[in-house]
Amino acid sequence: MEGHNDAIWGHVSVRRPGEDVFWIKAAGMGLEEATAANVQLIDLDGRRLLGPGIVHTELPIHSEIYRRRPEVGAVVHTHPVFATVLGAAGHRIRPVTHEGALFFPPDIPLFDQTTDLILTRELGEAVAAALGDQPALLLKNHGIVVAGRTLEEAACWACLLEKGARAQVFALALGAPAWTGAEEALLKRKHIYHDQALAFLWQYYCRKLRRQGMLS
Ligand SMILES: [Zn+2]
């Protein structure tokens, strides 16, 4: 509903708390189709420990971020159109609307070592290294990666990233937009996107899903 759906592509994972294993949906179905019955438990070497079906080929994005950052509890990798075209055009996220204040300053990284899939541990490590301690990264000509402390945080940040990118693309199409400066962006991050607001936003998304019959 928030711009991340790309048919059967894209995935979200959540770490089993305190462990080096994570839950992720099986390959071959859309984000909106997956239920608890389609979820797999995967270790950091990409082995499927529990759950049915084929594994996603880009597991190294998830496993190498979990390996590098013990505080990360969830990772989103999707192909949202607006964030991806901003990266392709060489732009970084700017707070043209509120949302960009989550991703500037500093600039979130643009990973351009490859535009192909992240299929190996080496590439996964390179993505994790490029991400560093940032909340998100643009994969050039491919998509985005978002890492949060919790599933709620990573999912909300990913939705806000795409919403901000959409506004930025429209603003760039009109000319050279103004954006919020770095100092004020940090204030807006604190005032708008604090933990309580993100908890409310998550609940709002859940209610929205329920109204559309996509969550029981
Ligand atoms: Zn991908």
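Shown above is the structure to which this text applies.
Read on for an overview of the structure. Everything quoted here is computed from the prediction, not taken from an experiment.

1. Focus: the coordination of the zinc ion
Donor atoms from the polypeptide that coordinate the zinc ion comprise E58 (OE), H77 (NE2), H79 (NE2) and H142 (NE2), at 2.1 to 2.4 Å from the metal. Taken together, the 4 donor atoms coordinating the zinc ion span angles of 85 to 148° at the metal, a pattern that classifies the geometry as irregular. Sequence spacing among the residues donating to the zinc ion works out to E-x18-H-x1-H-x62-H.

2. Examining the pattern of salt bridges
Under the counting rule described, the total for this entry stands at 14 salt bridges. Between R15 and D20 there is a salt bridge, with its nearest N and O atoms 3.1 Å apart. According to the relative accessible area criterion, R15 is buried, its value standing at 10%. The class of D20 is partly exposed, set by a relative accessible area of 48%. The structure contains a network of salt bridges with shared partners spanning D43, D45, R47, E64, R67, R121 and E125.

3. Some remarks on the nonpolar core
Of all hydrophobic cores here, the largest spans 25 residues; its most connected members are I93, F103, I108, I144, V146 and L161. Of all the secondary-structure elements, those providing two or more residues to this core are β5 (74–78), α2 (81–88), β7 (136–139), β8 (143–148), α4 (151–174) and α6 (195–211). Broken down by element, the residue count for this core peaks at 8 residues, all from α4. Those residues in contact with I93 that sit more than four places away from it in its chain are L86, G100, F103, F104, I108, L161, A165 and Q168. Grouped together as the second largest cluster of nonpolar side chains are 21 residues, L59, I65, L123 and A147 included.

4. What to know about the packing of helix α1 (residues 59–68) against helix α3 (residues 121–131)
Axis separation between α1 and α3 bottoms out at 8 Å; the angle between their running directions is 55°. Taken together, the axes of α1 and α3 are oblique relative to one another. Here the hand of the crossing between α1 and α3 comes out right-handed. Of α3, the residues touching α1 (which contributes P60, E64, I65, R67 and R68) are R121, G124, E125, A128, A129 and L131. Looking at the contact of α1 with α3 residue by residue, the class counts come to 5 nonpolar, 1 polar and 5 charged.

5. Focus on the packing of aromatic side chains
A complete count under the given rule lists 3 aromatic pairs for this structure. A centroid spacing of 6.0 Å and a plane angle of 55° characterise the contact between Y204 and Y205, whose relative ring orientation is tilted. Y204 gets classed as partly exposed once you look at its relative accessible area, which sits at 34%. The exposure class assigned to Y205 is buried, which follows from its relative accessible area of 12%.

6. Here we look at the sheet that holds β7
Pairing within the open sheet is mixed, and its 8 strands lie in the order β4-β3-β2-β1-β5-β8-β7-β6. Looking along the sheet, the strands with just one partner apiece sit at the ends: β4 (48–50) and β6 (110–111). One ladder, built from 3 bridges, connects strand β1 (residues 11–15) with strand β2 (residues 21–25); its direction is antiparallel. Counted as the bridge partner of S13 is I24 from β2. Against the sheet, α1 contacts β1, β2, β3 (39–43), β5 and β8, and its axis sits at roughly 150° relative to β5. Those strands touched by α3 are β6, β7 and β8, and its axis lies near 130° from that of β7.

7. So, the pairing of β3
Buried residues dominate β3, accounting for 4 of its 5 residues. Pairing geometry for β3 and β4, over 2 bridges, is antiparallel. Following the sheet pairing, I42 is matched in β4 by R48. Hairpin remark: β3 followed by β4, antiparallel, with 4 residues in the connecting loop; positive phi at G46, about 80°.

8. Some words on the layout of surface pockets
Taken as a whole, the largest pocket encloses approximately 1,100 Å³ of empty space. Around the largest pocket, the lining comprises 28 residues; the ones closest to its centre are V12, L31, E32, W202 and L209. Within the residue set of the lining of the largest pocket, elements represented by two or more residues are β1, β2, β5, α4 and α6. Its residues assigned to classes, the lining of the largest pocket comprises 20 nonpolar, 5 polar and 3 charged.

Conventions we followed
Residues numbered from 1 in each chain as written. Predicted model: local features only at pLDDT ≥ 70, side-chain atom pairs only at ≥ 80, totals over all residues. Heavy atoms only, no water. Donors = N, O, S within 2.8 Å, 3.2 Å for Na, K, Ca; no water. Tetrahedral: all angles 85-135°; square planar, octahedral: opposite > 155°, others 65-115°. Salt bridge = Lys/Arg side-chain N within 4 Å of Asp/Glu carboxyl O. Buried < 20%, exposed > 50% of the residue type's maximum accessible area, 1.4 Å probe, protein only. Core = buried A, V, L, I, M, F, W, Y, C linked by side-chain atoms within 4.5 Å. Helix = DSSP H or I, 4+ residues; strand = E, 2+ residues; numbered from the N terminus. Contact = heavy atoms within 4.5 Å. Axes fitted to C-alpha atoms, helices over the stretch in contact; angles between N-to-C directions. Parallel < 35°, antiparallel > 145°, perpendicular 65-115°, else oblique. Left-handed = near helix turned anticlockwise from the far one by under 90°. Nonpolar A, V, L, I, M, F, W, Y, C, P; charged D, E, K, R; others polar. Phe/Tyr/Trp six-rings, centres within 6.5 Å; stacked < 30°, edge-to-face > 60°. Pairing = 2+ DSSP bridges. 1 Å grid on protein atoms, 1.4 Å probe; cavity = no way out; pocket = protein on both sides within 12 Å on 5 of 7 lines; lining within 4 Å. Points joined across faces, edges and corners; volume = space filled by probe spheres on them.

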